[in-house]
Amino acid sequence: MMNWNLYSRGDKFFAMVVSVLIGMFTVATLYPFIYIAAVSFSSGFAAQAGKVVLTPIDATLEAYGYIITDPKFWISYRNTFIYTIGGTIMSLIFIVPCAYALSRPQLKGRRFFNLFIAFTMWFNAGLIPFFLNMRDLGLLDSMFGIILGFAVNAFNIILLRNFFESIPQSFEEAARMDGANDFQVLWKVFIPLSKPAIATITLFLIVARWNGFFWAMVLLQSEDKIPLQVFLRHTISNLSDDDEFAIVQTAAGFSAETVTAAIIVCSIIPVLIVYPFVQKYFEKGILLGGVKE
Amino acid sequence: MSGVNLSGIVKAYGALQVVHGIDLTVAEKEFVVLVGPSGCGKSTTLRMIAGLEEITDGDLTIHDRRVNRVAPKDRDVAMVFQNYALYPHLNVADNMAFGLRIRKMPKAEIKTTIADVAEILGLTPYLDRRPADLSGGQRQRVAMGRAIVRHPKVFLFDEPLSNLDAKLRTQMRAEIKRLHNRLGVTSVYVTHDQVEAMTLADRIVVMNDGRIEQVGTPMELFNNPANTFVAGFLGSPPMNQMKGMLTETGAKIGDAEIKINGAVAGHAGRDVIVGIRPEHVTLSDEGQSSALPISLDLVEPLGSEALLHARHGEDTLVFKADTNGDIAHLSGVGAVHVPSHLVKLFDAETGRALNLGT
């Protein structure tokens, strides 16, 4: 409990301003969630008429009923899991050893390689060259292409490299004296000591993969390979000018808006479930970037 | 057979040479201490023996095998690090077992080895604890245990006691000595603490500026320092050094003259540095022959003895004196008498000890 008597008037005023600002930010970030959830549980008419503000109007589960009976929804949901899990594992397989190697002073050409990797954070080839590259590698419309194509990420490598660099040199030396080779030093010493950092980048990777939309949309054509985010986009663009759907939705109690909102809610749920468990790593990870321990 | 042999060992980082061709032989089962000020190359030398630093030039052999290009793990040496370098995510037993597991020792054997070593080091009750839950002394013992379990041919110690408080340091120093007596493994120990060097070493190697200044037993080095650097480094407080000039009967320091045994005859007029150990003087009154007049600055009581900080001309001197339970009688000291056979002489230019045939 704070003892306000110890604070000057200026401090109190400052605290008040901060509280108001934080309150505004909270509302600004929370409201879209509440709004989407409310829309997803509202009737199609109410949503189209713009009546939904904070709570569901004419509460109904029709929109959910519509999407869960759509097999394409489940396929895209499954695909998102595949991209998220497969992509995260693939990324870790590349990022962890890469970060370790870059963190070692004995690596020949270390400065060059570090710069080489960091360079990609500021400059990249751009949409068309990347697309052509993927095409020529035979990775268009390929699930493996999505997993492999975005496996390496400079920011995460640098984050982990910095953490590895902060581990005292003597741990590596002790392990070497104990007979460990490079892989054993990494596997048995550095990785266990870097759990918080690895958890953090794992989280970054999961979130990025889960929300991955643009490249999946560009690179994937087959309906059975698209992730949830792309499916959502298809739904938004298709439903509103689909005559058949227009007839169905009039009869039923949902609309393009409520179906879209329901898909968004479904895509958020797993993140909402996981986030509280990894929140502490997320916060640490943000610090990791700026502060070298 | 020699334990460790360094022959013309050079270490350079690019154009910067930090170790300039060291020759040193450590006998089997010997405890050798490398001592010197920071940056003298002692740790670098140890790390070259360990294989953690590449050797720029020269030959390193361990048990008569040339190991210049042999990986640390294949040199059969174990090292205790200054910060212990215990793996924080492993408990004591796993820390000690780490190297054995990597070497694929059978599980049952690992268990008995660790139990034996833990027993020797008094770590049995702590085997399940993580390093963070141990005291400094216990961590130090685990670090030694990790080295011992491997039964290496050579132990390397890199300032292992410098992170401990003074009391624990004294205690651990004795434990290391006892352990060495018991295991009889060739040991090379690096420290900047001359007390550790004196108490632990069979032989001390005094290093300065990437070179060896002198090698010898602690008492040899204490009694017969090869040069002013060694004289100033060993002993606490270190040897007093004053500029002087030889006469037919002794040495003239400023206006005073102290007697030195007959051997100086014939060298009169030579510039020298006169070395006097703080504990080698007796307090005397002014005016006594062969006494060095001093003006007392400060008396620091240490209990049974006291340190007298004094001046003679421009030289600042420190002497040791018994207090006999009282320092009042020390405040009036005006001169010290130095037994002539205990005075050390060094060449004023080179700093090397002068042996005038005494």
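Under an unreviewed UniProt entry, the name given to chain B is Carbohydrate ABC transporter ATP-binding protein (CUT1 family), and the source organism is Yoonia maricola. One UniProt comment on chain B, placed under Sequence similarities (unreviewed entry), says "Belongs to the ABC transporter superfamily."

Chain A carries the name Carbohydrate ABC transporter membrane protein 2 (CUT1 family) in an unreviewed UniProt entry, which gives Yoonia maricola as its organism. Chain A has a UniProt comment under Subcellular location (unreviewed entry) that states "Cell membrane".

Asks: Could you clarify how one ought to interpret the overall build of chain B in this entry?
Replies: A count of helical and extended segments in chain B gives eight helices and 21 strands. C-alpha extents for chain B along the principal axes are approximately 75 × 50 × 35 Å. Within chain B, buried positions represent 40% of all 358 residues. Contacts spanning at least 24 positions in sequence make up 64% of the contacts within chain B whose residues lie at least 6 apart.

Asks: Just checking my understanding: could you explain the sheet that holds strand 15 (residues 282-284) of chain B for this structure?
Replies: For sheets, the rule is that strands pair by backbone hydrogen bonds, running either parallel or antiparallel. Residue and element names in this part refer to chain B. Read from one edge of the open sheet, three strands run 15-20-16, paired in antiparallel fashion. The open sheet has two free edges, formed respectively by strand 15 and strand 16 (291-293), since each of these has just one partner strand. Averaged over all pairs of adjacent strands, the angle between their axes in this sheet comes to 35 degrees, without regard to strand direction. When strand 16 meets strand 20 (residues 335-337), the two strands line up antiparallel, connected through three bridges.

Asks: What should I look at first to understand the sheet that holds strand 13 (residues 256-259) of chain B in this one?
Replies: Residues and elements named next belong to chain B. Strands sit in the order 13-12-11-14-21 across an open sheet of five strands; the sheet is antiparallel. At either end of the open sheet lies a strand with only one pairing partner, and these are strand 13 and strand 21 (344-347). Averaged over all neighbouring strand pairs, the angle between strand axes comes to 40 degrees, with direction disregarded.

Here is what the cut-offs are and how they apply
- Residues numbered from 1 in each chain as written.
- Chains lettered and ligands numbered in written order.
- Predicted model: local features only at pLDDT ≥ 70, side-chain atom pairs only at ≥ 80, totals over all residues.
- UniProt positions renumbered as here; feature names shortened; annotations may be inferred.
- Helix = DSSP H or I, 4+ residues; strand = E, 2+ residues; numbered from the N terminus.
- Buried ≥ 20, exposed ≤ 12 C-beta atoms within 10 Å, placed from the backbone.
- Contact = placed C-beta atoms within 7 Å.
- Pairing = 2+ DSSP bridges.
- Axes fitted to C-alpha atoms, helices over the stretch in contact; angles between N-to-C directions.

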